[in-house]
Amino acid sequence: MKKQRPINLELNTISFPPAAMASILHRVSGVIMLVLVGFLVWLLATSLSGPEGFATVKSVMAHPVAKFVIWGFLTALGYHIIAGVRHMIMDLGFGVEKVPGQRSARFSIALGVVWAVVAGVWLW
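Here is a short report on the structure shown in this document. (Residues numbered from 1 in each chain as written. Predicted model: local features only at pLDDT ≥ 70, side-chain atom pairs only at ≥ 80, totals over all residues. Heavy atoms only, no water.)

Quick notes on the overall build of the protein chain
At step 1: Within the protein chain one finds four helices and zero strands.
At step 2: In sequence order, the secondary structure elements of the protein chain are arranged as α-α-α-α.
At step 3: Over its C-alpha atoms the protein chain spans a radius of gyration of 20 Å, topping by over 25% the 14 Å that the globule rule assigns to 124 residues.
At step 4: Summarising its shape, the C-alpha atoms of the protein chain cover approximately 70 × 35 × 25 Å along the three principal directions.
At step 5: Buried residues in the protein chain amount to 27% of all 124 residues.
At step 6: Within the structure as shown, the protein chain displays about 9,000 Å² of accessible surface, and the carbon and sulfur contribution to it stands at 73%. (Helix = DSSP H or I, 4+ residues; strand = E, 2+ residues; numbered from the N terminus. Rg over C-alpha atoms; globule rule 2.2 N^0.38 Å. Buried < 20%, exposed > 50% of the residue type's maximum accessible area, 1.4 Å probe, protein only. Areas by Shrake-Rupley, 256 points an atom, 1.4 Å probe, with all protein chains shown as cover.)

As structure tokens, then:
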């Protein structure tokens, strides 16, 4: 017997709980870091190649787009660490119930936003 169940594939109409949002953002931040690590390795290698390379990196980092990319990396790194600590605490058995889990998810997202603002202020 074929079940006739409604299928909703419009993700913008689905209301995700805070724990799901924290988990999705944790994965997204990991992907962002993976993509941007090549740029950071290039910056490091170029800056260590000599005075000319360092001057090149200095001029690249003066551009607002490069600063935005570095800010994105710092934001992703900060949130990934915050959410990772949350996941490790939950792996120890603390906050695995629904209400504490939602509360810790909201807290980690809020702390990630604060970190993003602090990283932006520090970078610019």
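Re the packing of aromatic side chains
At step 1: Enumeration over the complete set of coordinates arrives at two aromatic pairs.
At step 2: Between Phe39 and Trp42 the ring centres are 6.2 Å apart and the planes differ by 20°, which places this aromatic pair in the stacked class. With Phe39 and Trp42 both in helix 1 (residues 18-47) and three residues apart, this pair spans about one turn of that helix.
At step 3: Look at Trp42 and you get partly exposed, because its relative accessible area is 40%. (Phe/Tyr/Trp six-rings, centres within 6.5 Å; stacked < 30°, edge-to-face > 60°.)

Looking at the environment of Ile32
At step 1: With respect to the helices, strands and loops of the structure, Ile32 is situated in helix 1.
At step 2: Placed 45 residues apart in sequence, Ile32 and Leu77 show a C-alpha to C-alpha distance of 8.7 Å.
At step 3: Apart from the residues lying within four places of it in its own chain, the contact partners of Ile32 are Gly72 and Ala76. (Contact = heavy atoms within 4.5 Å.)

Looking at helix 3 (residues 64-91)
At step 1: With 28 residues, helix 3 ought to run about 40 Å at 1.5 Å a step, and its terminal C-alpha atoms sit 40 Å apart, in line with that.
At step 2: Positive phi appears at Gly93, one or two residues downstream of helix 3, with a value of about 100°. (Expected span 1.5 Å × (residues − 1).)

Regarding the nonpolar core
At step 1: Residues Leu43, Val57, Ile70, Leu74, Ala119 and Leu123 constitute the largest nonpolar core, which totals six residues.
At step 2: Those elements that provide at least two residues to this core are helix 3 and helix 4 (98-123).
At step 3: Every residue in contact with Leu123, bar those within four places of it in the chain, is listed here: Lys67, Ile70 and Trp71. (Core = buried A, V, L, I, M, F, W, Y, C linked by side-chain atoms within 4.5 Å.)

What to know about the packing of helix 1 against helix 2 (residues 51-61)
At step 1: Where helix 1 contacts helix 2, the two axes come as close as 7 Å, and the packing angle between them is 140°. Between helix 1 and helix 2, the crossing angle belongs to the class labelled oblique. Residue-level inspection shows Phe39, Trp42, Leu43, Thr46 and Ser47 of helix 1 in contact with helix 2, the latter providing Gly53, Phe54, Thr56, Val57, Val60 and Met61.
At step 2: Residues of the contact of helix 1 with helix 2, tallied by class, amount to seven nonpolar, four polar and no charged. (Axes fitted to C-alpha atoms, helices over the stretch in contact; angles between N-to-C directions. Parallel < 35°, antiparallel > 145°, perpendicular 65-115°, else oblique. Nonpolar A, V, L, I, M, F, W, Y, C, P; charged D, E, K, R; others polar.)

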